[in-house]
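# Fold and geometry: a report
If you want the building blocks of each chain, they are given just below.
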Protein chains: 2
Amino acid sequence: MKRGMGVRENVLRPCKHAVLAGGLLANRAEVVRSRMIPYQWQALNDLVPGVEPSHALANLRIAAGEQSGEFRGMVFQDSDVAKWLEAVAYSLAVHPDPELEARADAVIDLVARAQQPDGYLNSYYTIVEPQNRWTNLADNHELYCAGHFIEAAVAYYEATGKDRLLQVVCKLVDHIDSLFGPEEGKKRGYPGHEEIELALIKLYRVTGNKRHLRLAQFFVEERGKQPHYFAQEARARGLDKPTHWGKFAYAYSQAHLPIREQETPEGHAVRAMYFFTAVADLAQETGDAELFQVCDTLWQSTVQRHMYLTGGIGSQSYGEGFTTDYDLPASRAYAETCAAIGLFFWGHRMLQLNPDRKYADVMERALYNGILSGMSWEGDRFFYVNPLEVDPAVCASRQDHEHVKPTRQGWFTCACCPPNLARLLASVHHYLYSQSRDGLYVHFFAESTVEFQVGKTRARLSQHTDYPWDGHVELKLAVEQPAQFSLYVRLPGWCKQADVQVNGEALSQQEIILSQGYLVLTREWQDGDEVELDFALPVEVVFAHPKVRDAAGRIALQRGPVVYCLEEVDNGPDLHALVLAAEPDFQVETDPKLPVPVIKARGYRLEAASDDLYSTAAPRKVPAVIKAVPYFSWDNRRPGAMQVWIRSELAP
Amino acid sequence: MKRGMGVRENVLRPCKHAVLAGGLLANRAEVVRSRMIPYQWQALNDLVPGVEPSHALANLRIAAGEQSGEFRGMVFQDSDVAKWLEAVAYSLAVHPDPELEARADAVIDLVARAQQPDGYLNSYYTIVEPQNRWTNLADNHELYCAGHFIEAAVAYYEATGKDRLLQVVCKLVDHIDSLFGPEEGKKRGYPGHEEIELALIKLYRVTGNKRHLRLAQFFVEERGKQPHYFAQEARARGLDKPTHWGKFAYAYSQAHLPIREQETPEGHAVRAMYFFTAVADLAQETGDAELFQVCDTLWQSTVQRHMYLTGGIGSQSYGEGFTTDYDLPASRAYAETCAAIGLFFWGHRMLQLNPDRKYADVMERALYNGILSGMSWEGDRFFYVNPLEVDPAVCASRQDHEHVKPTRQGWFTCACCPPNLARLLASVHHYLYSQSRDGLYVHFFAESTVEFQVGKTRARLSQHTDYPWDGHVELKLAVEQPAQFSLYVRLPGWCKQADVQVNGEALSQQEIILSQGYLVLTREWQDGDEVELDFALPVEVVFAHPKVRDAAGRIALQRGPVVYCLEEVDNGPDLHALVLAAEPDFQVETDPKLPVPVIKARGYRLEAASDDLYSTAAPRKVPAVIKAVPYFSWDNRRPGAMQVWIRSELAP
């Protein structure tokens, strides 16, 4: 986007109606539908043995006066229900299921009954301290939960046409709008955990109600201003600062400065991502080029200083947040699944505003690595924290690894990640394509179809590929009548050689026109026209910036967008004693026990000359075959050590 | 020591009367005398501006009823006073100072007045909860403080002949002995923090009172037995476990098993070291070969699985303790100064029982690295934690580095380390030589003299050297009359080539007789005989065992016993981006700004090909001179990054 240009006119519109037809993403979406959504329903109903009970639905029943008992769980327990509803909505949109829909309708009815007459909706406060509503925005999550209910309502309305939940949240938003805002007599508050901002913009896009947009705008712009609202509300409770006050102070929740003065991602990574997503949304809706520039500066800082190779962000458990530049420890990573999802959301907003592959490259990195790693193949075990190196003995004995679970868990006390995975993967088809004013953008590669509009002509694109395992992609066009438009196809940033054919004829170098990393194919397209792309897909050796301490002297293996890792089950323990050879002779193989391609390479295992801890004798190098598997697929066989950054003779 | 042999007959006796005459150790001892002891006196009296007040002497005055006010500081604040007294005693023994002695006498008088009529001595309990004496051995430190008073009393008695404090502690021990022991009606308790065990054996060696030995033996042997004393005393206080209960449970204080069943160092490192020191002492006093074997097994595990290159031990802040095998992270090390001192004490006991250089090698490693690093050149700034890698920005932003101070501190809330350094370095001459039945052992090298006994003949050895900076050592003998005896001279484990001359004639290979790493020179020695040793002292490249994750792909530089490190002040930031060349062409140089030899070497600095965090383009290697300084001398110029384990083309 050019500086000073109005933002709104040129934005892309995501093709949410695309249909996934096969391949890895379709498989993951199907596992969400068939396994995760039912499993999470069991979890929300406390029916999964051996895992932390959720009590989330019970809380709503108690709030509705239909069950006795106490509130249990986190203050934001409601949001797990909302995210489940949102995932169900996306699933119903592509896979009708009357039984599931009836179940969701019943949950929505329950939510409606838990809503208070004035519109208030939050089971924690309703049950536990109704007199204290809206007195602690910094620490608690009333606005956050409202945001998730709003997102669910919009998704459910769009999927089913039913507006019961939409009416509930509109009433809730009316209530919130009556309390918060710049007007005299209203509180100038905003949430400790951002979420409602982006949700209100989604709501505005459905309702067209400007008050919804203005409230989002207020929450975004008010944040971090002086005198500090979080200090004021704390004082009103007799404290001098928020209850959960840590060394990062207001930066923990990105409230250290007004958004227009922020240049680096600070604090809690998920909060930051949801916030920046909303800021990008606001830039789009208001055409505010400065806000977009703020976002872009934050984006560059995030992806050039604070992002793991897997797209994970947030490198420490304390505050679940960002640290200093280039501080990306592998085994103590936080890299919360939700944070990678948040980065994906933010990147998607940026991409619509400014179709530069740099955003899509990061989204793809996050999706195929730090997001998909959050779930097991079967869809019933989850990582909250996604480290790049694990040694179970270290996790067991070191307190600074307490947050790192060496194997996926059935559920969590703070269960934000599993339903976040479900809602993203159930809607992953939303992200593949965008409609532009002059044609179609193909951002991501997956067996799929999409319909789009070219002027008054309807067109349809079918994509055939086994990406990310194969670099061959076929795009077939069906048009009602020949039509002049542009097809923008992303040439992924990881790809060093892409061959392109149109109707069987290779494009010459002159014919390859690139716009911000997108191949631009502008012509009068005929029905049946075909574009074939061949992305060379070798195993690549990746180096980190030399300022990244924890990757110093190491390399990682990546093939296409997929980062690989070593597992103990394949390579034995002490993965740090393995060294990739200077001529690794990579072989990509199928493995009968794994549904993903594996990499084999030449290397060495270092063996000690003696039992001495320290010696002037170098360890001996014993030839070894090194086997790597896609990072996201680790821990699907048996628990053990894992490592992404590998020692190598190739590392300088 | 041979299995089954009585231990006591063959033990060496440390030559505590040796006199340091110059060189590094004498310099450090002199700094202790001239700077640290006065500085610590100021600290104990709360007269150092800008540092944590100690209040330790005030506590004793309040306990003595001579001052009003409240107890302040740790429950073991008394021990800082005791360790200061002990250091003063060692200093007075070699450097009479009537003013200092009068000051110490006055403190001893105060301690005597703070003692209760029944012999009880502990300012915390006397002031704060006198009714709860001896009810919480697991968490509090009554026996630990008693131990330090005992050590101080023995040292002061030996240094000055004055027995006032000795009488105080004998009365205290009588009181303790009346309460604890295996006899009916006594508590079967033992300290949460070991210390009194080794102190009681020191006391026994002065008093000859068998009850002192038996009480030590009881505390050692009772530890970890079932039913567990710590559980019983907790129950008596209405709890089911000790107040400070962590994930390591009883292992935190080595009370998970009886000592004879322990095989690995567990829990709090300083506690473990003091305990194992006492166990070795007990093996010596009782001739119990099994106890010695237990110690030796624990020693091997400690030094082969759990020791930093610097002799630091305890690799995590949580519990200040040991973790899993080979888990030795450089930047998150705990490596408490006190723990390295404890390892030194333990090694010294083992060495007297079994004169094998393996113990002395570890003592020397600890002394010249992880112990001396605890103090600044000037003696008024201290490290409690001694990491092997520091990045100030990481320390500031990462909670898992909260314990790591990137620069030495003036004092501490828990101020155990500075006085521990003072008492060790004020007595470092105790450790240089041992008398054996058949001659003299030379364990360590320093400009010094020692008198010893050979049968009925008195002999004197003068050692001339600038060790550890120079490998030339001259040993000159003065004997009243020619005498047949053996001189045992340690050939350090780090040394690959030692030339030996006796009276100017080189020893042939046949004449070099080694016993457990000690050169054995047995002959009829004449007055004026001279032994010259030349230890080759090149810069050595050291590799860690390949199981040590944090040293993988790295090397360290060592010259003689001295480990080197890189500092930002010499090399710029991002020390992990420096790579030592395969042909480093080491130069040892003097530096006008540093009182220690520095190493210069050929290497490279890696520079990024772009701002991208990740790239398939390897970083560029730009030639750079790498400058290393002795680890113990770091942070004496200006704060900045530091690194021991260096990336190198030499690392396989």
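Residues numbered from 1 in each chain as written. Chains lettered and ligands numbered in written order. Predicted model: local features only at pLDDT ≥ 70, side-chain atom pairs only at ≥ 80, totals over all residues. Heavy atoms only, no water.

## Describing the pairing of strand S22 (residues 620-630) of chain A
Residue and element names in this part refer to chain A. With 3 bridges connecting them, strand S17 (residues 562-567) and S22 associate as antiparallel partners. Note that in S22 the partner of Leu566 across the bridge is Ala628. As paired strands, strand S20 (residues 594-607) and S22 are joined by 9 bridges and run antiparallel to one another. Across the sheet, the residue bridging to Lys600 is Lys627, located in S22. (Pairing = 2+ DSSP bridges. Helix = DSSP H or I, 4+ residues; strand = E, 2+ residues; numbered from the N terminus.)

## So, the pattern of salt bridges
All names here are of chain A. What the rule picks out here adds up to 102 salt bridges over all chains. Note that Asp109 is salt-bridged to Arg164, the shortest N-O span being 2.4 Å. Pair noted here: Asp109 is in helix H4 (residues 98-114) and Arg164 is in helix H7 (residues 164-179), with a separation of 55 residues, a long-range link. For Arg164, a relative accessible area of 41% gives the class partly exposed. (Salt bridge = Lys/Arg side-chain N within 4 Å of Asp/Glu carboxyl O. Buried < 20%, exposed > 50% of the residue type's maximum accessible area, 1.4 Å probe, protein only.)

## Some words on the sheet that holds strand S5 (residues 439-442) of chain B
Residue and element names in this part refer to chain B. Read from one edge to the other, the open sheet built from 6 strands follows the order S1-S4-S5-S9-S13-S12, with strand pairing classed as mixed. Two strands bound the open sheet, and with one partner strand each, they are strand S1 (13-14) and strand S12 (514-515). Examined bridge by bridge, S12 and strand S13 (residues 518-525) share 2 bridges and lie antiparallel to one another. Bridging from a neighbouring strand, Ser515 pairs with Tyr518 of S13. Sheet contacts for helix H14 (residues 357-371): strand S9 (483-490) and S13; angle to S9, the most-contacted strand, approximately 50°. (Contact = heavy atoms within 4.5 Å. Axes fitted to C-alpha atoms, helices over the stretch in contact; angles between N-to-C directions.)

## Focus on helix H14 (residues 357-371) of chain A
Within H14 of chain A, 13 of the 15 residues are buried, leaving the element largely enclosed by the surrounding structure. Between the side-chain oxygen at the start of H14 of chain A and the backbone nitrogen of Lys358 of chain A there is a gap of 2.8 Å, and the oxygen is on Asp356 of chain A. (Polar contact = N/O pair within 3.5 Å; in protein donor to acceptor, adjacent residues only side chain to side chain.)

## Some words on the domain arrangement of chain A
All names here are of chain A. What the domain assignment reports for chain A is domain 1 (21-431), domain 2 (433-535) and domain 3 (539-648). For domain 2 and domain 3, the distance between their C-alpha centroids amounts to 36 Å. Listed per partner, the contact involves 5 residues of domain 2 and 11 residues of domain 3. When domain 2 packs against domain 3, the two sides together hide about 620 Å² of surface, and 65% of this comes from carbon and sulfur. Three residues, Pro468, Trp469 and Trp494, lead the burial of domain 2 against domain 3; their summed loss comes to 85% of the area buried on that side. In this assembly, domain 2 and domain 3 are joined by 1 salt bridge. One salt bridge in this structure joins Lys496 and Glu540, with 3.2 Å as the shortest N-O distance. Inspection of the domain 2/domain 3 interface yields 2 residue pairs in polar contact (both at pLDDT 80 or more). Residues that form the side of domain 2 that touches domain 3 fall into these classes: 4 nonpolar, no polar and 1 charged. (Domains from an automatic or database assignment. Buried area = accessible area lost by both parts, 1.4 Å probe. Nonpolar A, V, L, I, M, F, W, Y, C, P; charged D, E, K, R; others polar.)

## Describing the environment of Gln232 of chain B
As for its placement among the helices and strands, Gln232 of chain B is situated in helix H10 (residues 229-236). The sequence separation of Gln232 of chain B and Gln509 of chain B amounts to 277 residues, and the corresponding C-alpha distance is 62 Å.

## Overview of the side chain of Glu142 of chain A
All names here are of chain A. Tracing the chain through its elements places Glu142 in helix H6 (residues 142-160). Side-chain polar atoms of Glu142 contact the backbone nitrogen of Trp134, separated by 3.0 Å. Discounting residues that sit within four places of it in the chain, Glu142 has contacts with Tyr120, Asn122, Tyr125, Arg133, Trp134 and Leu137.

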